[in-house]
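Structural overview for review
One-letter residues, chain by chain:
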Amino acid sequence: QSLKNYFLFRKTIARAAAFMFNPIDPKYHIQYIKSDLLIINGENDTFIPKRSYELLQKLANKDATFINLKSKHIMPDNKTLIEEIYKISINWLENR
């Protein structure tokens, strides 16, 4: 998705990125997290596809908490979203 402006090299760049980031992909590690887990996703995220966060939710432990916000990807200039995620996280931590 992020490579749409690189028409000629898009596939090559995508393959190189997949090769580099595949070993740290959460889908390979989430099954080993046995403690409480909070996962917050943005349903309108343009960086993380819906199928990716749905797979993560499917693979996570049965006690994990999922919150899917009607938002885009978290960005440093989106103070409102940052505050919302902060409040959700604090509330989740206090109720553990």
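Parameters at a glance
- Residues numbered from 1 in each chain as written.
- Predicted model: local features only at pLDDT ≥ 70, side-chain atom pairs only at ≥ 80, totals over all residues.
- Heavy atoms only, no water.
- Helix = DSSP H or I, 4+ residues; strand = E, 2+ residues; numbered from the N terminus.
- Rg over C-alpha atoms; globule rule 2.2 N^0.38 Å.
- Buried < 20%, exposed > 50% of the residue type's maximum accessible area, 1.4 Å probe, protein only.
- Contact = heavy atoms within 4.5 Å.
- Lys, Arg positive; Asp, Glu negative; His and termini not counted.
- Charge placed at Lys NZ, Arg CZ, Asp CG, Glu CD.
- Arc of directions from axis to C-beta.
- Pairing = 2+ DSSP bridges.
- Right-handed = clockwise from strand over helix to strand, strands pointing away.
- pLDDT = per-residue confidence, 0-100.
- Salt bridge = Lys/Arg side-chain N within 4 Å of Asp/Glu carboxyl O.

**Examining the overall build of the chain**
Secondary structure summary: the chain contains 3 helices and 2 strands in total. Counting from the amino terminus, helix and strand elements in the chain follow one another as α-β-α-β-α. Over its C-alpha atoms the chain spans a radius of gyration of 16 Å, topping by over 25% the 12 Å that the globule rule assigns to 96 residues. Once the C-alpha set of the chain is aligned to its principal axes, its extents read approximately 50 × 35 × 20 Å. Expressed as a percentage of its 96 residues, the buried residues of the chain come to 19%. Nonlocal contacts in the chain, meaning residues at least 24 apart in sequence, comprise 61% of its contacts between residues at least 6 apart. Looking at the chain, you have 15 positive and 10 negative side-chain charges, and the mean spots of the two groups are 11 Å apart.

**Focus on helix α2 (residues 50-59)**
Taken as a whole, α2 has its buried residues at Tyr53, Leu56 and Gln57. Looking down the long axis of α2, one finds its buried residues gathered within 100 degrees of arc, a one-sided arrangement. For α2, exposure combined with an orientation more than 90 degrees from the buried face picks out Arg51 and Lys58. Tucked inside the fold, the buried residues of α2 contact β1 (38-42) and β2 (65-69).

**Quick word on the pairing of β1**
Pairing of β1 with β2, which is carried by 5 bridges, proceeds in the parallel orientation. The partner of Gly42 across the bridge, within β2, is Leu69. Viewed along the sheet, the connection from β1 through α2 into β2 turns out right-handed.

**With respect to the side chain of Gln57**
Summarising the element assignment, Gln57 is placed in helix α2. Those residues in contact with Gln57, other than ones at most four positions away along the chain, are Asn41, Phe66 and Asn68.

**Some words on the environment of Ile67**
Assignment of secondary structure puts Ile67 in strand β2. Residues Ile67 and Ser89, 22 residues apart in the sequence, show an inter-C-alpha distance of 10 Å.

**Here's the deal with the confidence of the model for the chain**
Should pLDDT be low for a region, the predicted coordinates there are not to be read in detail. With 93% of its residues at a pLDDT of 70 or more, the chain shows a mean pLDDT of 88. Mean pLDDT values for the elements of the chain range from 81 in helix α1 (residues 10-21) up to 96 in helix α3 (residues 79-94).

**Regarding the pattern of salt bridges**
Across all of its chains, the model carries 4 salt bridges by this definition. In this structure, Arg96 engages Asp36 in a salt bridge whose closest nitrogen and oxygen atoms are separated by 3.0 Å. Of this pair, Arg96 sits in the segment after α3 while Asp36 sits in the loop between α1 and β1; the two residues are 60 residues apart in sequence, bridging distant segments of the chain. Across the pair Lys70 and Glu43 runs a salt bridge whose closest N-O atoms are separated by 2.8 Å. With Lys70 in the loop between β2 and α3 and Glu43 in the loop between β1 and α2, this residue pair connects regions lying 27 residues apart in the sequence.

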